[in-house]
Amino acid sequence: MNTFAIALQEDRRLVILRFLEGAAKYALNDSLLQTALETLGHIVSRDTVRSDIAWLAEQGLVTVDHSLIEVHVARLTARGKDVATGRADVPGVKRPGPSPIPSP
C-alpha cells in the first residue's frame, strides 16, 4: 500500500472514532458511518467501512454488534474515546490535531 493510501486509511479510522464519540450512546451502524465518511470526502464501500470497524475492534477501540441482519453497529470503547480525543495513540489511526482554543 502506498503512503497516500495509508494516510487515507489512518484518517478514515480517526474519522470513524470521532463520529462515534459524538453519537448518541457512542454507537452508529455501518450505513450511517459510510454516509458520515462521505461528508468528509471519504467515498468508500460498505465493505471498506466494515473492514475498518473490524480493525478498530481488533485494537480494542470499538465493539461491533452483528446481531442485526445486514447491519453492523460499532460502539466506541473508553480506549477508543482516548484515541479519538488525542489522549492515546494507536499506530494505524491518525492522531487528531489540536482543538481550536475557544475565544473568551
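Quick note: structure is the one above.
Keep in mind that this is a model prediction, so the values were computed, not measured.

Caption draft 1: Structural detail: the nonpolar core. Among the nonpolar cores identified, the biggest contains 22 residues, and Ile16, Leu17, Leu20, Leu33, Leu56, Leu61 and Val93 are the most heavily contacted of them. Of all the secondary-structure elements, those providing two or more residues to this core are α1 (3-22), α2 (30-39), α3 (46-58), β3 (73-76) and α4 (78-84). If sequence neighbours within four positions are ignored, Leu61 has contacts with Leu17, Leu56, Arg75, Leu76, Thr77, Arg79, Gly80, Val83, Val90 and Val93.

Caption draft 2: Local environment of the packing of α2 against α3. At a closest axis distance of 9 Å, the pairing of α2 and α3 adopts a crossing angle of 105 degrees. Taken together, α2 and α3 sit at an angle that is classed as roughly perpendicular. Between α2 and α3, the contacting residues are Asp30, Ser31, Leu33, Gln34 and Leu37 on the first element and Arg46, Val49, Arg50 and Ile53 on the second. Looking at side-chain class alone, the contact of α2 with α3 contains four nonpolar, two polar and three charged residues.

Caption draft 3: Layout of the pattern of salt bridges. Summed over the entire model, instances satisfying the criterion amount to eight salt bridges. The residue Arg12 makes a salt bridge to Asp52 at a minimum N-O spacing of 2.4 Å. Residue Arg12 is found in helix α1, and its partner Asp52 is found in helix α3; the two are separated by 40 residues along the sequence. The exposure class assigned to Asp52 is buried, which follows from its relative accessible area of 3%.

Caption draft 4: Looking closely at the packing of aromatic side chains. Across all of its chains, the model carries zero aromatic pairs by this definition. Above the plane of the ring of Trp55 lies Arg13, whose end atom (NZ or CZ) is 3.7 Å from the centre.

Definitions and cut-offs
Residues numbered from 1 in each chain as written. Predicted model: local features only at pLDDT ≥ 70, side-chain atom pairs only at ≥ 80, totals over all residues. Heavy atoms only, no water. Core = buried A, V, L, I, M, F, W, Y, C linked by side-chain atoms within 4.5 Å. Buried < 20%, exposed > 50% of the residue type's maximum accessible area, 1.4 Å probe, protein only. Helix = DSSP H or I, 4+ residues; strand = E, 2+ residues; numbered from the N terminus. Contact = heavy atoms within 4.5 Å. Axes fitted to C-alpha atoms, helices over the stretch in contact; angles between N-to-C directions. Parallel < 35°, antiparallel > 145°, perpendicular 65-115°, else oblique. Nonpolar A, V, L, I, M, F, W, Y, C, P; charged D, E, K, R; others polar. Salt bridge = Lys/Arg side-chain N within 4 Å of Asp/Glu carboxyl O. Phe/Tyr/Trp six-rings, centres within 6.5 Å; stacked < 30°, edge-to-face > 60°. Lys NZ or Arg CZ within 6 Å of the ring centre and 35° of its normal.

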